[in-house]
Amino acid sequence: MEGGCCVQQSPLGEEGRFMDERKRVDLKEYLESLEDVADPFEDIPVPADREAETPENPTEPERLAAYIRMRSKGAQLACRSVFAAELAFDDTVDIDQTIADMMADQANADIRVRKGKRNDYYYATEFMTDNFAMIAALVLDKDIPRAIADMVRFNEKTYHLPTPAMKFTKYPYNYTKVQVEQAIVALLRQPENGDIGTVVTGNKKTYLFHNIEAMPERLAKALAEDSEKDEFGKYWQ
Amino acid sequence: MFGWAGKILRVNFSTGEIRTQDTSDYKEYIGGMGIGYKIIYDEVPLDTHAYDPASKLVFGVGPLTGTGVPCSGRTNITLLSPWTRGFSILDGHMGGHFGHAMKYAGYDAIVLEGVSDKPVYLKIDDDKVTIEDASEEWGLGTEATMTAIGKKDGAEFCVACIGPAGENLVNMSLVACSSGNVAGGGCGAVMGSKMVKAISCRGTGTVKVADPVKLKELVDYQLREIIGANNNHPVPNEPQSWAEYSATSRNRWQGAPGRAIGLAEGGPIDSGEQPVGDINKIAWRTMKGLYDVGEVSLPYTVRNEGCSSCPIRCYPVYRYEKLAEMGLATTATNTCGGMAKTKFFTNGVHDFEVEGDGPMVVGIVTTQALDDYGVWTGYSDLDLDFDWCYTHGIFEKVLPPEEYAEIPWNWMEEGDPRWGKEVTRRIALKIGEFSHLGDGSYLMAERWGLGSEYWDDPSTNKVTYNGYTKHHSTDQVGQAGLLYNTVYNRDCMVHASSSYTRNGLPVEVLIRNGEEIWGEGFMDASTKEITPINESKVRFAKWGVLSKQWHDSATLCNWVWPMSLSPSKERGYRGDLELDAKYMSAVLGEEWDGEKVDWYSEKITQMLRVITIISFGTTDMRNGHDKVTEWHFTMDPDLKPFEKGTYKMDREDWEKSLDMFYEAMGWDVATGAPTRATLEKFDLKFMADDLEKRGLLVG
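In this section: the side chain of Arg10 of chain B. Residues and elements named next belong to chain B. Secondary-structure assignment places Arg10 in strand E1 (residues 7–12). Here Gln21 takes part through its side chain, which lies 2.6 Å from a polar atom of the side chain of Arg10. Within the structure, the side chain of Arg10 is placed 2.7 Å from the side chain of Glu113, a separation counted as a polar contact. Filtering out sequence-adjacent residues up to four positions away, Arg10 remains in contact with Glu17, Ile18, Arg19, Gln21, Tyr26, Ile39, Glu43, Lys56, Val111 and Glu113.

Attention now goes to helix H4 (residues 95–104) of chain A. Residue and element names in this part refer to chain A. Where H4 is concerned, the buried positions are Ile95, Thr98, Ile99 and Met102. Looking down the long axis of H4, one finds its buried residues gathered within 95° of arc, a one-sided arrangement. Of the residues in H4, the exposed ones pointing more than 90 degrees away from the buried face are Asp96 and Ala104. Of the surrounding elements, those touching the buried residues of H4 are helix H2 (60–73), helix H3 (83–86), strand E2 (111–115) and strand E3 (120–124). The opening residue of H4 is Asp94, an N-cap whose side-chain oxygen sits 3.1 Å from the backbone nitrogen of Asp96.

Let us look at the interface of chain A and chain B. Across the boundary between the two partners, chain A contributes 52 residues, which contact 72 residues of chain B. For the chain A and chain B pair, buried surface summed over both sides reaches about 5200 Å², with 58% attributable to carbon and sulfur atoms. Counting every contact that joins chain A to chain B gives five salt bridges. A salt bridge links Glu238 of chain B to Lys167 of chain A; the shortest N-O distance between them is 3.8 Å. At the boundary of chain A and chain B, one finds 16 residue pairs in polar contact (both at pLDDT 80 or more). Every element with two or more residues in the side of chain A that touches chain B is listed here: helix H5 (130–140), helix H6 (144–159), strand E4 (163–164) and helix H8 (217–228) of chain A. When residues of the side of chain A that touches chain B are assigned to their parent elements, the largest contribution, six residues, is made by H8 of chain A. Counted by class, the side of chain A that touches chain B contains 27 nonpolar, 13 polar and 12 charged residues.

Okay, the pattern of salt bridges next. Residue and element names in this part refer to chain B. Summed over all chains, the structure comprises 62 salt bridges over all chains. A salt bridge links Arg10 to Glu43; its shortest N-O distance comes to 2.5 Å. Here Glu43 lies in helix H1 (residues 32–43) and Arg10 lies in strand E1, a separation of 33 residues in the sequence. Between Lys123 and Asp153 there is a salt bridge, with the nearest N and O atoms lying 3.7 Å from each other. Taken together, the positions of Lys123 in strand E7 (residues 120–125) and Asp153 in helix H3 (residues 142–153) put the pair 30 residues apart, joining distant regions of the chain.

Compared with an ideal rise of 1.5 Å per residue, which puts 23 residues at 33 Å, helix H21 (residues 594–616) of chain B spans 33 Å between its outermost C-alpha atoms and is within 8% of the ideal. Positioned one or two residues after H21 of chain B, Gly617 of chain B has a phi angle of 70°, which is positive.

Take the packing of H3 of chain B against helix H8 (residues 358–373) of chain B next. For any two helices packed against each other, the geometry comes down to the angle between their axes and how far apart the axes lie. Residues and elements named next belong to chain B. At their nearest, the axes of H3 and H8 sit 6 Å apart, and the two run at 55° to each other. What the angle tells us is that H3 and H8 run oblique. Judged by residue contacts, Thr142, Glu143 and Ala144 of H3 engage Gln368, Asp371 and Asp372 from H8.

Here the focus is the confidence of the model for chain A. Regions with low pLDDT carry predicted coordinates that are not meant to be interpreted in detail. Summing up the model confidence of chain A, the mean pLDDT is 85 and the portion of residues at 70 or higher is 83%. Note on residues 1–22 of chain A: pLDDT under 50 across the span, and 41 contacts to partners over four residues away in sequence or across chains.

This paragraph deals with the packing of aromatic side chains. Counted according to the given criterion, the structure contains 45 aromatic pairs over all chains. Taking 6.0 Å as the distance between ring centres and 80° as the angle between the ring planes, the aromatic pair formed by Phe395 of chain B and Trp448 of chain B counts as edge-to-face. Of this pair, Phe395 of chain B sits in helix H10 (residues 394–398) while Trp448 of chain B is found in the loop between helix H14 (441–447) and helix H15 (452–455), placing the two residues 53 residues apart along the sequence. Take Phe395 of chain B and Trp448 of chain B: they sit in the same class, and that class is buried. Among the aromatic residues, those joined into a cluster by ring pairs are Phe344, Phe386, Tyr390, Phe395, Tyr404, Trp409, Trp419, Phe434 and Trp448 of chain B. Over the aromatic face of Trp236 of chain A sits the side chain of Arg250 of chain B, whose NZ or CZ is 3.9 Å from the ring centroid.

Residue and element names in this part refer to chain B. Among the nonpolar cores identified, the biggest contains 187 residues, and Phe59 and Phe98 are the most heavily contacted of them. Ranked by residue count, the leading element in this core is H21, at nine residues. If near-sequence neighbours (up to four positions away) are discounted, Phe98 is found in contact with Phe59, Thr75, Ile110, Cys158, Ala160, Cys177, Ser178, Ile199 and Cys201. Formed by 35 residues, the second largest nonpolar core is a distinct cluster that contains Ala369, Met412, Leu443 and Met444.

Turning our attention to the environment of Asp653 of chain B. Residues and elements named next belong to chain B. Secondary-structure assignment places Asp653 in helix H23 (residues 651–664). Owing to a relative accessible area of 7%, Asp653 belongs among the buried residues under this scheme. When the C-alpha atoms of Asp653 and Lys421 are compared, they prove to be 44 Å apart, with 232 residues separating the residues in sequence. Non-local contacts of Asp653, meaning those with residues more than four positions away in its chain, are made with Gln479, Pro532, Ile533 and Phe642.

Note that the residue after Tyr171 of chain A, namely Pro172 of chain A, is joined by a cis bond; omega there is 0°. Here the bond from Trp561 of chain B into Pro562 of chain B is cis, since omega is 0°, no more than 30 degrees from zero. Looking at where Pro562 of chain B falls in the secondary structure, it is placed in the loop between helix H19 (535–554) and helix H20 (579–588). At Ser178 of chain B, a residue that is not glycine, the phi angle is positive and equals roughly 50°. Locating Ser178 of chain B in the fold gives a position in the loop between strand E10 (175–177) and strand E11 (181–183).

Cut-offs applied
- Residues numbered from 1 in each chain as written.
- Chains lettered and ligands numbered in written order.
- Predicted model: local features only at pLDDT ≥ 70, side-chain atom pairs only at ≥ 80, totals over all residues.
- Heavy atoms only, no water.
- Helix = DSSP H or I, 4+ residues; strand = E, 2+ residues; numbered from the N terminus.
- Polar contact = N/O pair within 3.5 Å; in protein donor to acceptor, adjacent residues only side chain to side chain.
- Contact = heavy atoms within 4.5 Å.
- Buried < 20%, exposed > 50% of the residue type's maximum accessible area, 1.4 Å probe, protein only.
- Arc of directions from axis to C-beta.
- Buried area = accessible area lost by both parts, 1.4 Å probe.
- Salt bridge = Lys/Arg side-chain N within 4 Å of Asp/Glu carboxyl O.
- Nonpolar A, V, L, I, M, F, W, Y, C, P; charged D, E, K, R; others polar.
- Expected span 1.5 Å × (residues − 1).
- Axes fitted to C-alpha atoms, helices over the stretch in contact; angles between N-to-C directions.
- Parallel < 35°, antiparallel > 145°, perpendicular 65-115°, else oblique.
- pLDDT = per-residue confidence, 0-100.
- Phe/Tyr/Trp six-rings, centres within 6.5 Å; stacked < 30°, edge-to-face > 60°.
- Lys NZ or Arg CZ within 6 Å of the ring centre and 35° of its normal.
- Core = buried A, V, L, I, M, F, W, Y, C linked by side-chain atoms within 4.5 Å.

The following block contains the structure:
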């Protein structure tokens, strides 16, 4: 709203002037102008701020672990197929042995692997959960029908809900609408996905559901309709 | 005095008397709603019309507001209803900064009494309180009023004001403060009936806290471990790398990588990931525009506003420049139903600049107009009523032909955003018969002869025959939702229960955690798999009621509170329901626990019940006030109650639900009226005696 109210007194001491008339104060400058006070809470660690540590003169397994943690902190899996290139390991480095040594080290108990169709995907549970790694691995495997089918089953088991098709156009899937539509057609043709069904809501949104006793089609349709409507019974846009 | 500011300000606009009273007289009612109920019960005959000079309007806050407790920027306004059946007691509530301003000025409540003989506003400058001339402001919208009074009094003053709707005694009217924060229930018109345009308040004091170190520890603990997003939703909508779970359906934690506020100063700001423990990222979790309007909102969002002491920031500020070409305001801020205004456009809306932006555009125009003119829609009562009346040809029947002809229906039919402002203008300025939409559903239905075809149509959302809509009811929480919806004299505003059952966490986790609190069977596997009533569901319903009474008295935001869950996997996603009590202990320097909090909540609930009985003039609440509309039992005609796919209620099960709820509340099972024993248990013997004198005491 133009012309707001409740404007706090300017820290520069100007009074009675509105936001649009007043010189904008830089917050950092203002904070730096204040006297320091002791912070009784400064020792409380903030998990997201902890850096993935690399020891001095790291061994290959240590370098590999640090790399995996760095990737996880950035919400990325670490793919086995690029370890050599990413870490500039020369031909003398036995990648499999390096991985084995890394995993055997108790200090790396947080590092896990998901074996996908295209790669082995490593992640550090200190920064990335198993469920997110599962989704990320499905995305990297680039088998969109399988990713969708697996997630539909996972969502019914975990959340007892059908899955909106357009969920897969969002982060971290980021598939296009056309990719999702084509993948649904493909997955419904695959015999192994005979347990997956679709319903379409009144506002033409497709939901996929895991067609089992706990989630019959009628319930899936009702829950999908529910998800598409606001508290006033009108469809969300 | 710790927590409380210490004074209640009383202003009589008939006599000009301004005096203060010690809050100690009211500490047993906590604050906010509790103080409001006590004052009105004691001082206003309950058959007084809301606009009578003898009525009072109580702005109240509680001991936690202004202390730094997160999400405590709330003000409760208590009044006698001008629009619902029984014309009983109810509350409006607003966020923003007014509650803090009041406390820092030294007041726990402000009581408006009498009526001025000319337009005035109340100026509170700490302990300097004056009645000022408002003849220049009378007739202005709320935005211009805030600006005008702000320029007169100073930028540090927080202005709570009414618009033309309040001045014209439109029942569905509001009090606005802090840009888009509004209190409804008709409080705008009560203020207008007193010729009071605004309260302008500056507070330079502080609120004393008994144990500030403990308070700081609790705040830190709450922000790092407990608080989630809006409505305390504990999981993000999109998967985030730190999060074990994410929501499959729409929820209120919408911040995610790739979702940026498009009009932020300096360029778009991506909301990124917001891991639990990182207190600097809490404000990026909610991104409310995404929930209310969808992704289309992002390029038009300037920032996320919020109330004092709140890290959640659930009020997006939208700007849509093209509206200037139509002579309409380009900027608005609101949340939830405040933006959902397509129900004023029965034929639908169209795209403007991008696909799907229609609801946002009409939402911006309509919500800005509503707030500025001071019209309150209820929980979409007004727009649902419009939609129903238009669809059923009511306007053609009841409007004089010449009035019908001159209304620009084509704007509505074409999805022209000017319609939202036009509807608002007509209601606020009481133009013609059409404006009786603003009387409120009960009086409108009476005036226009709307019968069961209206009340019992599920599309009106009416929960009872008292004249207001359901709010997170059977559609979200089954029988528990309907039980708590029957307790109030307006839409219930209970969020605790639905925030628990529908937030994105796996059902298994919700059930596991909830059974530890309410017992086995407290919630159903989904919203469309209702099972018969049980004791645990009744406990869950009662908890919803008590949470709301507490938060409207303490005053805390009853969207985000209570802290029933947490985004922390290490905690098993368990919240901390003792946190209210822990804050009370730290702030007041007294020993509080959850039981004590609940005792006071229940006391205030009993007061509400007593006042409602007196207003209705009968003890038979069961067949009167609490009678729910037929559609609860007749919806989804192809399905039976308890079948998968519907939340249709079963009549016998509903009667049993009432039996069990009444018993849990200490009310007579046959009537739903509190017994003497119950009232005396909550130190309300004076109310029991009063009921007995009136012949309204059961047992």
